[in-house]
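Residue-level listing of the chains:
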Amino acid sequence: MNVIAESERHGTPRSLFWPWFAANISVLAIPYGAYVLFFGVSFWQAVVVGVIGVVGSFLLCGLVSLAGKRGSAPTMVLSRAAFGVEGNRLPAFVSWMLLVGWEIVLVVLATQAGSAALQRLGWGDGGTGVKLLIILVVVGISVFAGVFGYQAIMKVQTWITLATAVLTIAYMLLSLDHIDFSRVTTLESGSLASTLGAGVMLLTALGLGWTNAAADYSRYLPRSASSAGVVGWTTFGASVAPLVLFVFGLLLAGSEQATMDGLAADPFGTLAGLLPTWFMIPFVVVVVLGLIGGIVLDIYSSGLSLLSMGLRVPRAVAAGIDGVLMTVGAVLVTFFATDFLGPFQGFLITGGVPLAAWLGVFLGDMALRRRDYADADLYDPRGRYGAVRWGAIGLMLLGTVVGWGLVTNTNASWLRWQGYLLGPFGGKEGTWAGAGLGVLVALLVGLVGTLALSRGAVREQESLD
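About the criteria used
The numbers attached to residues start from 1 for each chain and follow its sequence in the written order. In view of the model being predicted, local features appear only for residues whose pLDDT reaches at least 70, and side-chain atom pairs are presented and counted only at 80 or more, with totals across whole chains, interfaces and linings using the full set of residues. Values shown for side chains rest on all heavy atoms present in the structure; no hydrogens or waters enter the calculation. Secondary structure counts use DSSP, requiring at least four H or I residues in a row for a helix and at least two E residues in a row for a strand, with both numbered from the N terminus. The globule rule is 2.2 Å times the number of residues to the power 0.38, and the radius of gyration it is compared with is taken over C-alpha atoms. Here's how the labels work: a residue is buried when its accessible area is under 20% of the maximum for its type, exposed when over 50%, partly exposed in between, all with a 1.4 Å probe on protein chains only. Contacts between residues were defined by any pair of non-hydrogen atoms, one from each residue, lying within 4.5 Å. Only the protein chains shown count as cover for residues, and the accessible areas themselves come from Shrake-Rupley with a 1.4 Å probe. In the cavity and pocket records, a cavity denotes points on a 1 Å grid over the protein atoms alone where a 1.4 Å probe fits but cannot get out, a pocket denotes an open set with protein on both sides within 12 Å along at least 5 of 7 lines, and lining residues are residues with an atom within 4 Å of a point. Grid points are joined across faces, edges and corners, and a volume is the space filled by probe spheres set on the points. Residue polarity is assigned by list, with Asp, Glu, Lys and Arg as charged and Ala, Val, Leu, Ile, Met, Phe, Trp, Tyr, Cys and Pro as nonpolar; anything else, Gly included, falls into the polar class. Residue-level confidence of the predictor, termed pLDDT, takes values from 0 up to 100. The rule is short: rings of Phe, Tyr and Trp, with Trp giving its six-membered ring, pair when the centres are within 6.5 Å, and they are stacked under 30 degrees, edge-to-face over 60, tilted in between. Any residue with relative accessible area above 30% and no salt bridge may belong to a patch, with like charges joined within 9 Å and the nonpolar Val, Leu, Ile, Met, Phe, Trp and Tyr side chains within 5 Å. We count a salt bridge whenever a side-chain nitrogen from Lys or Arg sits within 4 Å of a carboxyl oxygen from Asp or Glu. Here a polar contact is recorded for every N or O atom pair within 3.5 Å, except that within protein the pair must consist of a potential hydrogen donor and a potential acceptor, and residues adjacent in sequence are included only if both atoms are side-chain atoms. Nine residue types can take part in a nonpolar core, namely buried Ala, Val, Leu, Ile, Met, Phe, Trp, Tyr and Cys, and a core is a set of them joined through side-chain atoms within 4.5 Å. Each helix should span, by expectation, one fewer than its residue count multiplied by 1.5 Å. Regarding the arc, it is the one traced by the directions from the helix axis to the C-beta atoms. Angles here are taken between N-to-C directions and fall from 0 to 180 degrees, while the axes themselves are lines fitted to C-alpha atoms, restricted in helices to the stretch in contact. Working definition: roughly parallel below 35 degrees, roughly antiparallel above 145 degrees, roughly perpendicular at 65 to 115 degrees, and oblique for all remaining angles. Throughout, a crossing is termed right-handed when the near helix is turned clockwise from the far one, and left-handed when it is turned anticlockwise from it by less than a right angle.

## Details of the overall build of the protein chain
So, point 1. Along its length, the protein chain carries 20 helices and zero strands.
So, point 2. Relative to the 2.2 N^0.38 estimate, which gives 23 Å for 465 residues, the radius of gyration of the protein chain is 21 Å and therefore close to what a compact globule would have.
So, point 3. For the protein chain, buried positions account for 60% of its 465 residues.
So, point 4. For the protein chain, the proportion of contacts with a sequence separation of at least 24, taken over those separated by at least 6, is 86%.
So, point 5. Looking at the protein chain as shown, the accessible area adds up to about 17,300 Å², and 69% of this sits on carbon and sulfur atoms.

## Regarding empty space enclosed by the protein
To find leftover empty space, one rolls a probe the size of a water molecule over the atoms.
So, point 1. The final tally for this structure, using the stated rule, is three cavities of 30 Å³ or more.
So, point 2. Lining the largest cavity we find 17 residues, and of these Ala23, Asn24, Leu28, Ala205 and Trp210 sit closest to its centre.
So, point 3. With four residues, helix H15 (residues 280-308) is the single largest residue contributor to the lining of the largest cavity.
So, point 4. Looking at side-chain class alone, the lining of the largest cavity contains eleven nonpolar, five polar and one charged residues.
So, point 5. Within this model, the second largest cavity holds a volume of roughly 60 Å³.
So, point 6. As for the second largest cavity, its lining consists of Leu98, Trp102, Thr204, Leu208, Gly209, Phe347, Leu348, Gly351, Gly352 and Leu355.
So, point 7. Elements represented by at least two residues in the lining of the second largest cavity include exactly helix H6 (89-121) and helix H17 (341-368).
So, point 8. Here the lining of the second largest cavity gets five residues from one element, more than from any other, and that element is H17.

## Concerning the confidence of the model for the protein chain
So, point 1. Mean pLDDT over the protein chain: 87, with 95% of residues reaching 70 or higher.
So, point 2. Here helix H8 (residues 149-175) stands out as the element of the protein chain with the lowest mean pLDDT, 74, in contrast to helix H18 (residues 390-404), whose mean of 97 is the highest.

## Observations regarding the packing of aromatic side chains
So, point 1. The full count for this structure, using the stated rule, is 14 aromatic pairs.
So, point 2. For the pair Phe17 and Phe21, a centre-to-centre distance of 5.0 Å together with 20° between the ring planes defines the contact as stacked. Here Phe17 pairs with Phe21, and both are found in helix H1 (residues 17-24), just four residues apart, close to one helical turn. Phe21 matches Phe17 in its accessibility class, with the two residues each being buried.
So, point 3. With 4.8 Å between their ring centres and 70° between their planes, Phe43 and Trp44 make a pair best called edge-to-face.
So, point 4. Judged by its relative accessible area of 5%, Phe43 falls in the buried class.
So, point 5. Here the aromatic residues Phe17, Trp18, Phe21, Trp233 and Phe236 are joined through ring pairs into a cluster of three or more.

## Observations concerning a nonpolar patch on the surface
So, point 1. Residues Val324, Val328, Leu332, Val333 and Phe336 make up a contiguous nonpolar surface patch of roughly 470 Å² in combined accessible area.
So, point 2. Within the secondary structure layout, Val328 lies in helix H16 (residues 315-336).
So, point 3. By relative accessible area, Val328 is classed as partly exposed at 46%.

## Structural notes on the side chain of Thr350
So, point 1. As for its position among the elements, Thr350 is in helix H17.
So, point 2. Residue class for Thr350 comes out buried when judged on its relative accessible area of 14%.
So, point 3. Among the polar contacts listed, one links the side chain of Thr350 to the side chain of Gln418, at a separation of 3.0 Å.

## Brief notes about the nonpolar core
So, point 1. Formed by 137 residues in total, the largest nonpolar core has its most connected members in Tyr32, Tyr171, Phe268, Leu271, Phe283 and Tyr373.
So, point 2. Ranked by residue count, the leading element in this core is H6, at 16 residues.
So, point 3. Leave out the neighbours within four places in its chain, and Tyr171 touches Ile30, Phe248, Leu271, Leu274, Leu275, Phe279 and Phe283.
So, point 4. Judged by nonpolar contacts, the second largest core, of five residues, contains Leu406, Leu422, Ala433 and Ala435.

## Thoughts on H16
Since there are 3.6 residues in each turn of an α-helix, residues three or four apart along the chain are aligned in direction.
So, point 1. Taking 1.5 Å of rise per residue, 22 residues should cover 32 Å, and H16 covers 31 Å from first to last C-alpha, within 8% of that figure.
So, point 2. Turning to H16, its buried residues are Ala318, Ala319, Asp322, Gly323, Met326, Gly329, Ala330 and Thr334. One side of H16 holds all its buried residues, which, seen down the axis, span an arc of 150°. Those residues of H16 that are exposed and aimed more than 90 degrees away from the buried face are Val324 and Phe336.

## Section: the environment of Leu359
So, point 1. With respect to the helices and strands, Leu359 occurs in helix H17.
So, point 2. Sequence-distant contacts of Leu359, that is, excluding residues within four places in its chain, are made with Leu60, Val64, Leu208, Thr211 and Leu443.

## Notes on the packing of helix H3 (residues 43-70) against helix H12 (residues 227-255)
So, point 1. The contact between H3 and H12 brings their axes to 8 Å, and the two run at 155°. One way to sum up the angle between H3 and H12 is to call them roughly antiparallel. Note on packing geometry: the crossing formed by H3 with H12 is right-handed.
So, point 2. Across the contact of H3 with H12, the residue classes break down as 19 nonpolar, seven polar and one charged.

Below, the structure is given as structure tokens:
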């Protein structure tokens, strides 16, 4: 998490396209089409929600990426300007937990895809031994690539981008005969609450989950790089593939109820079942490579989050810690969870609330600043940013408490305690219970609170230049 020297900052905003595209071209975006239709919305409502949710969520990443251009440190170190050098341990811990959670999700999905494809090929029964082997291979490749840092990741992601783009197009062409457009367009429209809930689900499943890592790559660009270019290339690179794949997923899921149900229970097993047997090997390649592309970025940034909490270990050790947790978590989910969609949505919403609160504080603090970050003070509790900024921590905690009170996770029994503030909105069983209001409220609490309360403190910090 060292400061990047000015002599090492090079390239153009266009270079941000490769890591963001590679990390988000995963076929995982196809099942999101089914998840959105489960909210009871029509195809055209889902398309509108998809455009707003996908592009809007990654626009948040683009805005956070500006902090990397204005500073020379990872996202969760730059966050110290808002929370204090020591106070930032709280958001750093939340960031690390969420990134590890995403790593586990992606390993599980890669395991499901590989097992289903090998079973179709007759190369095994898809049993315990095969799944364990796939878990270990995926984790091993991801940890190996994540240890070697920015330059290696940029090269790996470029190759992943090219391979997955070609194979994904082939997958879509081979699946076209499973689409019944006339049936898809007859789906009934849903309520405003259902539509909003679908949009919040996409927000938490896509861009929001990347915001705590968004500046990790833009910090290598020159400070003179175009701000519009940084935001634009990050947003475009990250959103173009998920948007296309999401719409394709809507068409598949809306064409047949069995496909929609299958995508919820076993996403990649269902997708594999739509293909001819001879395409199983390319299918495994496109799915696993796409998921590894996301894991590599996650493990790099989660290591930085772990280090920014104050754990003084080499990055290889930090990556190794993640590797162990990925393996254990993937084994537990793969062999003991009876459903994928329920725990997945519970993870997205529950983790999305504190992350949204942090993001609101971070964006508000960044908007108030007129000068670049003072890099040295980000590492010194006695510097201008201080040890602990209690106002920012209070806003994050307030946003989290209020946010959890306005969300529900009916498919995850261990989260039934949420929704304790939904009384005025019809209660936990009411129309607005699944709208995900808590994520949006948490974001607004952090953003508006910071803009209202931190202006003077930021001006005082910048007067020290």
